Amino acid sequence: MDLDRSVPVWPQVADELRRRLDAGRYKPGERFPGTVDIAAEFDVSQSTAQKAVVALRREGRLYTILGQGSFVKDDV
């Protein structure tokens, strides 16, 4: 995925992750990629990846278990 670096990047990353969730790439209850993995895949900072994950969590698409990571909600 080519990111448009002239505008904020985290919404673009969140949009791509949202598309993947909608396409069923990540199954309900499955552990979602961590921010380190997301940052590496999209070549962005960890804080950018974190903002994208937080956005998905606020939308109710993910939940987080402290010390274990983020997981896909069953009703996505």
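Quick look at the structure, then. Here the structure is a predicted model, which is why all the values come from computation and not from measurement.

### A short note on the pattern of salt bridges
Line of reasoning, step 1. Under the counting rule described, the total for this entry stands at 7 salt bridges.
Line of reasoning, step 2. The closest approach of N and O atoms between E59 and R18, which form a salt bridge, is 2.7 Å. You can see E59 sitting in the loop between α3 (46–58) and β1 (62–65) and its partner R18 sitting in helix α1 (residues 10–22), a full 41 residues away along the chain.
Line of reasoning, step 3. Notably, a salt bridge pairs R20 with E41, separated by 2.7 Å at the nearest N-O pair. Placement of R20 in helix α1 and of E41 in helix α2 (residues 35–42) is noted, with a sequence separation of 21 residues between them.
Line of reasoning, step 4. Because the salt bridges share partners, they merge into one network encompassing D15, R18, D22, E59 and R61.

### Notes on the side chain of S70
Line of reasoning, step 1. Relative to the assigned elements, S70 resides in strand β2 (residues 69–72).
Line of reasoning, step 2. Only 3.0 Å separates the side chain of S70 from the side chain of T64, close enough to count as a polar contact.
Line of reasoning, step 3. Discounting residues that sit within four places of it in the chain, S70 has contacts with E30, R31, F32, V53, R57, Y63 and T64.

### What to know about α1
Line of reasoning, step 1. The terminal C-alpha atoms of α1, which comprises 13 residues, lie 18 Å apart, in line with the 18 Å expected from a rise of 1.5 Å per residue.
Line of reasoning, step 2. Taken together, the buried positions of α1 are occupied by Q12, V13, A14, E16, L17, R18, R20 and L21.
Line of reasoning, step 3. Turning to α1, the residues buried within the fold contact α2, α3 and β2.
Line of reasoning, step 4. G24 occupies a position one or two residues after α1 and carries a positive phi of about 85°.

### What about the pairing of β1?
Moving residue by residue along a regular strand, the side chains alternate between the two faces of the sheet.
Line of reasoning, step 1. In terms of strand pairing, β1 meets β2 through 4 bridges, oriented antiparallel. The residue of β2 that forms the bridge with Y63 is F71.
Line of reasoning, step 2. Counting the residues between successive antiparallel strands, the hairpin from β1 to β2 contains 3 residues, one of them, G67, with a positive phi of roughly 85°.

### Remarks on the environment of R57
Line of reasoning, step 1. Looking at the secondary structure, you find R57 in helix α3.
Line of reasoning, step 2. For the pair R57 and F71, spaced 14 residues apart in sequence, the C-alpha separation works out to 9.4 Å.
Line of reasoning, step 3. Excluding its chain neighbours within four sequence positions, the residues that come into contact with R57 are Q50, L62, T64 and S70.
Line of reasoning, step 4. Within the structure, the side chain of R57 is placed 3.0 Å from the side chain of T64, a separation counted as a polar contact.

Cut-offs and rules
- Residues numbered from 1 in each chain as written.
- Predicted model: local features only at pLDDT ≥ 70, side-chain atom pairs only at ≥ 80, totals over all residues.
- Heavy atoms only, no water.
- Salt bridge = Lys/Arg side-chain N within 4 Å of Asp/Glu carboxyl O.
- Helix = DSSP H or I, 4+ residues; strand = E, 2+ residues; numbered from the N terminus.
- Polar contact = N/O pair within 3.5 Å; in protein donor to acceptor, adjacent residues only side chain to side chain.
- Contact = heavy atoms within 4.5 Å.
- Expected span 1.5 Å × (residues − 1).
- Buried < 20%, exposed > 50% of the residue type's maximum accessible area, 1.4 Å probe, protein only.
- Pairing = 2+ DSSP bridges.

Geometric values such as these leave the question of function open.
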